[in-house]
Amino acid sequence: MDMLKQTDPDVYRIIQEEIKRQQNNIELVASENYCSKAVLEAQGSVMTNKYAEGYPDKRWYAGCGNVDDVEKLAIERALDIFGAEHANVQPHSGSSANMAVFFAALSPGHKILSMDLSHGGHLTHGFEKNFSGQFYQKITYGVKQDTGRIDYDEVRELAKKSSPDLIIAGASAYPRELDFAKFKEIADEVGALLLADIAHIAGLIVAGVHPDPVPHADFVTTSTHKTLRGPRAGLILCKSKYASKIDQLVFPGIQGGPLMHIIAAKAVAFKEAKTEDFKDYQRQILKNAKTLSNALKDKGYTLVSGGTDNHLFLVDLSNKNVKGIEAQKILEKAGISLNRNMIPFDGASAFNPSGIRIGTPSVTTRGMKESEMIKIADWIDLAINTPDDQNLALIKGRVTELCADFPLYKDY
Ligand SMILES: Cc1ncc(COP(=O)(O)O)c(C=O)c1O
């Protein structure tokens, strides 16, 4: 980054600080990951300079031969790893991918049946302050209070009662497998379309360690930067019959020029996702999530649904005399990053909820395994039980030492 250092020492310094933060902290935010250097290089490439409104071989600008090649590669690889009929690789984010699907599948006033935000759903699934809540009527399903799991009979009942136009299967904070085949059955029974939003679990699906929505859903959306470990962006997969509608809704419907550097980086990430290493990585994410969640459970922490089948779990801190916001701050001081999270049937506010969400994609990318998860559980417990500055500094020291054994981006 010599040029950056010379041209803008302020931004250079801030980026250096961020590299240090990422290197020296244990990252447990479930939606984050560390992409490869190859992905970073593609993102930082001259592809950012090219305007390419339109699609490969049908652009509005001259000089698009190279970006056509890279977008075709990204599409081909997305279709290959997901086994889908059609892929649009242009969405700038998971939210834009959802917006394009809603605009393609629905009209204002139509009904969406989706997971309640406070039970693990996402803002773009009908939250009042999001476009999805402003344009569409929302009906929500949640988890059962006694099991912490989705009750598919209840989803069916709700669907029958409310006749939604679109059912969304997908979540930001649900620690159990999603039964996409069951969602499809319900959607068919009530004549609704099915959107699977796999933003969190896309990597698990590609590796075959989570049920696959592609054969069932009309539309599949994802972000590309979580378990999929690509650049910060989105992707839409759909059945061929919706292909032209989706393409029109992405461009010119909701976006202008595609981010060609990011599309190049998506192509790289999709290639990486095809490897055996990637499959091993996803398997290890699951093992790490199981080990870390079980270790915390053994220390008396309450887990929503009692554990996890995927890359994340939710800890209900109600019996620990600490709320989510405080736990997040305490752990940050100890060098452990995660986010506060509502737990289903939370009596507390969304701003300061009763829980925290913990995910293992990032620590697994660094190469950490079960023995490190046990250490991390010990440190979380130590920090939460004794949150004085001296203790937190002590834990932070141990965290930094552990992180030094698992270096990130070695020559940056
Ligand atoms: C289920 C789900 N859908 C969509 C999104 C939105 O993705 P983005 O932040 O890229 O807009 C997220 C992000 O956390 C998510 O968890």
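The rules we used
Residues numbered from 1 in each chain as written. Predicted model: local features only at pLDDT ≥ 70, side-chain atom pairs only at ≥ 80, totals over all residues. Near = placed C-beta within 6 Å. Helix = DSSP H or I, 4+ residues; strand = E, 2+ residues; numbered from the N terminus. Nonpolar A, V, L, I, M, F, W, Y, C, P; charged D, E, K, R; others polar. Axes fitted to C-alpha atoms, helices over the stretch in contact; angles between N-to-C directions. Parallel < 35°, antiparallel > 145°, perpendicular 65-115°, else oblique. Left-handed = near helix turned anticlockwise from the far one by under 90°. Contact = placed C-beta atoms within 7 Å. Pairing = 2+ DSSP bridges. Buried ≥ 20, exposed ≤ 12 C-beta atoms within 10 Å, placed from the backbone.

### Re the site of the ligand
Surrounding the ligand, one finds 15 residues, the nearest of these being S93, G94, S95, S172 and A199. Examining the composition of the shell around the ligand, we find that three residues originate from one element, helix α5 (residues 94-105), more than from any other. Of the residues that constitute the shell around the ligand, the class distribution is two nonpolar, 12 polar and one charged.

### Remarks on the packing of helix α15 (residues 370-385) against helix α16 (residues 389-404)
For any two helices packed against each other, one specifies the inter-axial angle together with the distance between the axes. In the contact formed by α15 and α16, the axes pass within 10 Å of each other and the chain directions differ by 165°. By the criterion of interaxial angle, the relationship of α15 to α16 is roughly antiparallel. Note on packing geometry: the crossing formed by α15 with α16 is left-handed. For the pair formed by α15 and α16, the contact residues are E372, K375, W379, L382 and A383 on the first element and N391, L392, I395, R398, V399 and L402 on the second. Considered class by class, the residues forming the contact of α15 with α16 number seven nonpolar, one polar and three charged.

### Observations regarding unusual backbone geometry
Residue P252 follows F251 across a cis peptide bond; omega there is 5°. You can see P252 is positioned in helix α10 (residues 243-254).

### Brief notes about the sheet that holds strand β8 (residues 193-197)
With mixed pairing, seven strands are arranged side by side in an open sheet as β4-β10-β9-β8-β7-β5-β6. This sheet does not close on itself; its edge strands, each paired only once, are β4 (86-88) and β6 (137-141). On average, adjacent strands in this sheet sit at an angle of 20° to one another, irrespective of strand direction. Bridge analysis of strand β9 (residues 219-223) against strand β10 (residues 234-238) gives five bridges, and the strand direction is antiparallel. From the neighbouring strand, T222 faces β10, where its bridge partner is L235.

### Some thoughts on the environment of T124
Looking at where T124 falls in the secondary structure, it is placed in the loop between β5 (111-115) and α6 (131-135). We classify T124 as buried; it has 26 C-beta atoms within 10 Å. The sequence separation of T124 and I395 amounts to 271 residues, and the corresponding C-alpha distance is 37 Å. Leaving out residues up to four positions away in the same chain, T124 has contacts with S95, N98, N130 and S132.

### Digging into the sheet that holds strand β14 (residues 339-341)
Pairing is antiparallel in the open sheet, where four strands are placed in the order β11-β12-β15-β14. Edge positions in the open sheet fall to β11 (302-303) and β14, since each of these has one partner strand only. Lying over the sheet, helix α13 (residues 324-333) contacts β14 and β15 (355-359), oriented at roughly 165° with respect to β14.

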